[in-house]
Amino acid sequence: MKAMVLESLTDVRANQTPLRLLSLPKPTLNNGEVLLRVTSCGVCHTELDEIEGRTPPPHLPVVLGHQVVGIVEESSSDFSRPVTTEVVTTGQRIGVAWIASACGRCDYCKSGRENLCAEFKATGRDINGGYAEYMKVRADFVHPIPDSLSDSEAAPLLCAGAVGYRGLKLCNLQDGQSLGLMGFGGSNHLVLKTAKHKFPNSPIFVFTRNAQEREFALSLGATWAGAIDQSPPEELEAVIDTTPVWGPVIEALRYLSPGGRVVINTIRKEESDKEVLLQLDYPSQLWMEKEIKSVANVTRQDVREFLQLAAEANIRPEFQEYELEGANQALVEMKQGRIRGAKVLRIN
Ligand SMILES: [Zn+2]
Ligand SMILES: [Zn+2]
C-alpha cells in the first residue's frame, strides 16, 4: 500500500518534504482490530507538532493522520477475547479519531475522562494513522459516520471538530454569553458553527492576524473580527485559543470578563515568543477569578456526540482536498498559515 511516512523529525520551515511516499505492507490484524481502507484523512496542526518534535512519535518511522474515514475491509477472526460489544461489520463506513486506545481500568477511564489516561495512545503518533491506503485500529475505538456527511466532510470533524467541541464544553458558556476565538483555522471555524447552533444568542468575536481569515469569519456569521491585539467591543466570558504561540493567550486574558476562562486548544505551544509571559499583569489579566485551562485529547464520547450534533445541525467543514502525495504541500501551507477551513487528503 502507498503511505506518506515520517522517517525523521525535521523543521518544516527548512524542509518542505518532511514525509516520504513509500510502499508498505498492508497491516496485519491482531485480536479485536479492524482493517480500514482509507478514503479521506484530515490534516491537523498536531502533525506539525509531531514532525517538529514538540510531541514526537515514540517510534519512527510512523504514518501520521488522526482524522480518518474509510470502509471496514476485514475484522480479526479471533473473538475469543473480544474487546468490544459493538458490532463493526465489513463494508461499514467508519471514522478514527485522535484517541486510538486508553487502558479502560484507571480512575480516569472509569469516570468518563479516558482522554487523561496515562496509557492514552494517539492515532498517527503512537500507532500508524491514515496518511495511507490502509490502516488498522481497535474495533472499540471507531465511530460510525452519519450518512448525511461525505467522507471528506466527516474527516475534519473527527479532530478539528471533536476537540473543538470539547474545548467549547470546557468554556462553560451559557446562551447569550460572549465567546472569543483566537485563531481561525480548521478547528475554530467549526467551533464557530457549533457555537452558533448551541448558543444562538451568544455574540462571537474572532481574532486572527490574517485579513482573509477575518473576512471568512464574518462570512460564517461572526459578530466581529479583528487582529489579535485589537480590543473587542465588549468583555468576553470565554476565549478558545488555537494559535501555536503565547502572545494571543496574554491578549485573551486582557479581554476576559471577571470569572472568565481562556481555554487553550493546542497540544503544544512553540517557544518562539515565550518571553511575552513575563508581561502578564496579574491585577488586570488573572485576578478576579480569571482562569486558563487546556484541552487534552478527546474521549470517544466527545467524538460520537459531535458527529451526532454535526449531522443534526448540518455542521459541515469548509475544506480543501489534496491527493495523498500532496500531504507535504498541505503541511507546508499550514505551517505558513495559509489556511481556509480544513485540509483533507483524498485517498481512495
Ligand atoms: Zn488533530
Ligand atoms: Zn485509563
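Above this note sits the structure.
Residues numbered from 1 in each chain as written. Chains lettered and ligands numbered in written order. Predicted model: local features only at pLDDT ≥ 70, side-chain atom pairs only at ≥ 80, totals over all residues. Heavy atoms only, no water.

## Overview of the sheet that holds strand E13 (residues 224-226)
Phase 1: The strand order across the open sheet built from 6 strands is E13-E12-E11-E14-E15-E16, with neighbouring strands paired in parallel fashion. Among the strands making up the open sheet, the edge pair consists of E13 and strand E16 (291-294). With direction set aside, neighbouring strand axes in the sheet form an average angle of 20°.
Phase 2: Sheet topology note: the strand E14 (residues 236-241)/strand E15 (residues 256-264) ladder contains 5 bridges and is parallel. Residue pairing in the sheet places Ile240 in a bridge with Val263 of E15.
Phase 3: Against the sheet, helix H7 (residues 247-255) engages strand E11 (179-182), strand E12 (204-207), E14, E15 and E16, with an angle of about 155° to E15. (Pairing = 2+ DSSP bridges. Helix = DSSP H or I, 4+ residues; strand = E, 2+ residues; numbered from the N terminus. Axes fitted to C-alpha atoms, helices over the stretch in contact; angles between N-to-C directions. Contact = heavy atoms within 4.5 Å.)

## Quick notes on the pattern of salt bridges
Phase 1: The final tally for this structure, using the stated rule, is 25 salt bridges.
Phase 2: In this structure, Lys136 and Glu33 form a salt bridge, with 3.4 Å as the shortest nitrogen-oxygen distance. With Lys136 in strand E9 (residues 134-138) and Glu33 in strand E3 (residues 33-43), this pair connects stretches of sequence that are 103 residues apart.
Phase 3: Residues Lys169 and Glu305 are paired through a salt bridge, measuring 3.1 Å at the closest nitrogen-oxygen approach. One end of the pair, Lys169, is in helix H4 (residues 160-170); the other, Glu305, is in helix H9 (residues 300-313), and 136 residues separate them in sequence.
Phase 4: Its relative accessible area of 35% is what places Lys169 among the partly exposed residues.
Phase 5: Residue class for Glu305 comes out partly exposed when judged on its relative accessible area of 26%.
Phase 6: One salt-bridge network, held together by shared partners, links Asp49, Glu52, Arg54, Glu270 and Lys335. (Salt bridge = Lys/Arg side-chain N within 4 Å of Asp/Glu carboxyl O. Buried < 20%, exposed > 50% of the residue type's maximum accessible area, 1.4 Å probe, protein only.)

## Concerning helix H10 (residues 327-335)
Phase 1: With respect to burial, H10 is a largely interior element, 8 of its 9 residues being buried.
Phase 2: Here the buried face of H10 lies against strand E1 (2-6), strand E2 (19-23), E3, helix H1 (45-51), strand E17 (319-323) and strand E18 (342-346).
Phase 3: Just downstream of H10, Gly337 is the residue with a positive phi angle, here 80°.

Function cannot be inferred from these measures alone, as they are strictly geometric.
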